[in-house]
Amino acid sequence: QVQLVESGGGLVQPGGSLTLSCAVNGSIFSINHMAWYRQAPGKQRELVAMSRNPGSETKYADSVKGRFTISADYTKNTVSLEMNNLTPEDTAVYYCNSNLWKTFSHRADYWGEGTQVTVSS
């Protein structure tokens, strides 16, 4: 069974920083990408940042460029999201996502349960 386990959410003041972490647990064949999405109340889930494998090419939502950094370690099957200069608009539930091959013939998307990030004074 494959599980994505997230950690690192919490309450932070505007202008502060927070780092989220996610680990892929379970037996897998390989990973195509790891990503972070977020969903604010009343809004659709949106892509925040993605790291592709191989090559570790990254892409970011325009709203977080220059403030957030995604780092994936495909030898350890982990990904982190460093978030700086946070604003109240970053408040959301953040979800870890991975598209991976569980076996050489079974490819699927997996999601973490989500971790709450609240930016407030």
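Calculation notes
Residues numbered from 1 in each chain as written. Predicted model: local features only at pLDDT ≥ 70, side-chain atom pairs only at ≥ 80, totals over all residues. Heavy atoms only, no water. Disulfide = S-S within 2.5 Å. Helix = DSSP H or I, 4+ residues; strand = E, 2+ residues; numbered from the N terminus. Buried < 20%, exposed > 50% of the residue type's maximum accessible area, 1.4 Å probe, protein only. Contact = heavy atoms within 4.5 Å. Pairing = 2+ DSSP bridges. Axes fitted to C-alpha atoms, helices over the stretch in contact; angles between N-to-C directions. Polar contact = N/O pair within 3.5 Å; in protein donor to acceptor, adjacent residues only side chain to side chain. Phe/Tyr/Trp six-rings, centres within 6.5 Å; stacked < 30°, edge-to-face > 60°. Lys NZ or Arg CZ within 6 Å of the ring centre and 35° of its normal.

Some points on the state of the cysteines
(1) Moving on: Within the structure shown, the criterion is met by one disulfide.
(2) Moving on: Across the disulfide from Cys 22 sits Cys 96; the S-S distance is 2.1 Å. An S-S torsion of about -85 degrees defines the bridge between Cys 22 and Cys 96 as left-handed. Separated by 74 residues along the polypeptide, Cys 22 in strand E3 (residues 18-25) and Cys 96 in strand E9 (residues 92-103) bring together distant segments of the chain.
(3) Moving on: Its relative accessible area of 0% is what places Cys 96 among the buried residues.

A word on unusual backbone geometry
(1) Moving on: A cis amide bond links Asn 53 to the next residue, Pro 54, at an omega of 0 degrees.
(2) Moving on: Within the chain, Asn 77 stands out as a residue other than glycine whose phi angle is a positive 60 degrees.
(3) Moving on: Summarising the element assignment, Asn 77 is placed in the loop between strand E7 (68-73) and strand E8 (78-83).
(4) Moving on: The residue Asn 85 is not glycine, and still its phi comes out positive at about 50 degrees.
(5) Moving on: Secondary-structure assignment places Asn 85 in the loop between E8 and E9.

Details of the environment of Ile 31
(1) Moving on: Structurally, Ile 31 is set in strand E4 (residues 30-39).
(2) Moving on: For Ile 31, a relative accessible area of 5% gives the class buried.
(3) Moving on: Separated by 87 residues in sequence, Ile 31 and Thr 118 place their C-alpha atoms 30 Å apart.
(4) Moving on: Beyond its immediate chain neighbours, meaning those up to four positions away, Ile 31 contacts Val 24, Asn 53, Tyr 74, Asn 77, Ser 98, Asn 99 and Leu 100.

Here's the deal with the sheet that holds strand E1 (residues 3-7)
(1) Moving on: As summarised here, the arrangement of the four strands in space is E1-E3-E8-E7, forming an open sheet in which the pairing is antiparallel. Among the strands making up the open sheet, the edge pair consists of E1 and E7. Here the average twist between neighbouring strands, direction ignored, is 15 degrees.

Remarks on the side chain of Arg 67
(1) Moving on: As for its position among the elements, Arg 67 is in the loop between strand E6 (58-60) and E7.
(2) Moving on: With a relative accessible area of 15%, Arg 67 lands in the buried category.
(3) Moving on: A polar side-chain atom of Arg 67 sits 2.9 Å from the main-chain carbonyl oxygen of Ser 63.
(4) Moving on: Apart from the residues lying within four places of it in its own chain, the contact partners of Arg 67 are Glu 82, Met 83, Asn 84, Asn 85, Leu 86, Thr 87 and Asp 90.

Regarding the packing of aromatic side chains
(1) Moving on: Enumeration according to the criterion identifies one aromatic pair in this entry.
(2) Moving on: Its end group placed over the ring of Trp 111, Arg 45 keeps NZ or CZ at 4.8 Å from the ring centre.

Overview of the side chain of Ser 98
(1) Moving on: Examined against the element boundaries, Ser 98 turns out to sit in strand E9.
(2) Moving on: You can call Ser 98 buried: its relative accessible area is 0%.
(3) Moving on: Separated by 3.1 Å, the side chain of Ser 98 and the backbone oxygen of His 33 make a polar contact.
(4) Moving on: Apart from the residues lying within four places of it in its own chain, the contact partners of Ser 98 are Leu 4, Ile 31, His 33, Met 34, Ala 108, Asp 109 and Tyr 110.

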